[in-house]
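Results of the structural survey
So you can see what is in the structure, the chains are spelled out below.
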Amino acid sequence: GREERMIDTFEATPTQKAAEIAVILDRGGAMTTREIAECYGMTWQGAHVMMNNIAGRLPIVKDDSGRWRKFGNE
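Presented here is a report on the structure given in the accompanying data block. Remember, it's a predicted structure, so these values are computed and weren't measured experimentally. (Residues numbered from 1 in each chain as written. Predicted model: local features only at pLDDT ≥ 70, side-chain atom pairs only at ≥ 80, totals over all residues. Heavy atoms only, no water.)

Here we look at the overall build of the chain
Rules: Every helix listed is a DSSP run of H or I at least four residues long, and every strand listed is a run of E at least two residues long, numbered separately from the N terminus. Burial classes follow relative accessibility: with a 1.4 Å probe on protein chains only, a residue under 20% of its type's maximum area counts as buried, one over 50% as exposed, and anything between as partly exposed. Contact definition: two residues touch when any of their heavy atoms are within 4.5 Å. Each accessible area value is a Shrake-Rupley result obtained with a 1.4 Å probe; residue values ignore everything except the protein chains displayed when judging cover.
Looking only at helices and strands, the chain features three helices and three strands. Listing every helix and strand of the chain by position from the N terminus yields α-β-α-α-β-β. The 74 residues of the chain split such that 38% are buried. In the chain, the share of contacts with a sequence separation of at least 24, taken over all contacts with a separation of at least 6, comes to 48%. Accessible surface computed for the chain: about 4600 Å², of which carbon and sulfur atoms make up 50%.

Next up, the structure:
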């Protein structure tokens, strides 16, 4: 399901969106790229690029079902 958002996502900056998603995943949440795009007012492509950028610096992976999650929580 969708994770509870902490900020007004349509007013958030891209950095704030990325930080919030990282916190949600760190707390055990999991979201697909499509869910991220819909929840945060982004295109699928924008969400995909953002998540790959985040995953380049944080222990975040996309599992076999297409959900982004904290590494080790697969």
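Structural notes on the nonpolar core
Buried together is how nonpolar side chains tend to be arranged in soluble globular proteins. Selection criterion: Among the buried residues, those of types Ala, Val, Leu, Ile, Met, Phe, Trp, Tyr and Cys that are joined through side-chain atoms within 4.5 Å form a nonpolar core.
Of all hydrophobic cores here, the largest spans 15 residues; its most connected members are I21, I36, Y40, M50 and M51. Looking at this core, the elements with two or more residues in it are helix 1 (14–26), helix 2 (33–39) and helix 3 (44–55).

Concerning the pairing of strand 3 (residues 67–70)
For clarity, the cut-off: One requirement defines pairing of two strands: DSSP has to find at least two bridges between them.
Bridge count between strand 1 (residues 31–32) and strand 3: two bridges; the pairing is antiparallel. The partner of T32 across the bridge, within strand 3, is R67. Here strand 2 (residues 60–62) pairs with strand 3 via three bridges, running antiparallel. Paired with V61 across the strands is R69, a residue of strand 3.

Considering the side chain of E35
As a reminder of what qualifies: Residues adjacent in sequence count toward polar contacts only when both atoms are side-chain atoms; beyond that, a polar contact is any pair of N or O atoms within 3.5 Å, and within protein one must be able to donate a hydrogen and the other to accept it.
Relative to the assigned elements, E35 resides in helix 2. Polar contacts involving the side chain of E35 include one to the side chain of R67, which spans 3.2 Å.

No statement about biological role is implied by the geometric values presented.
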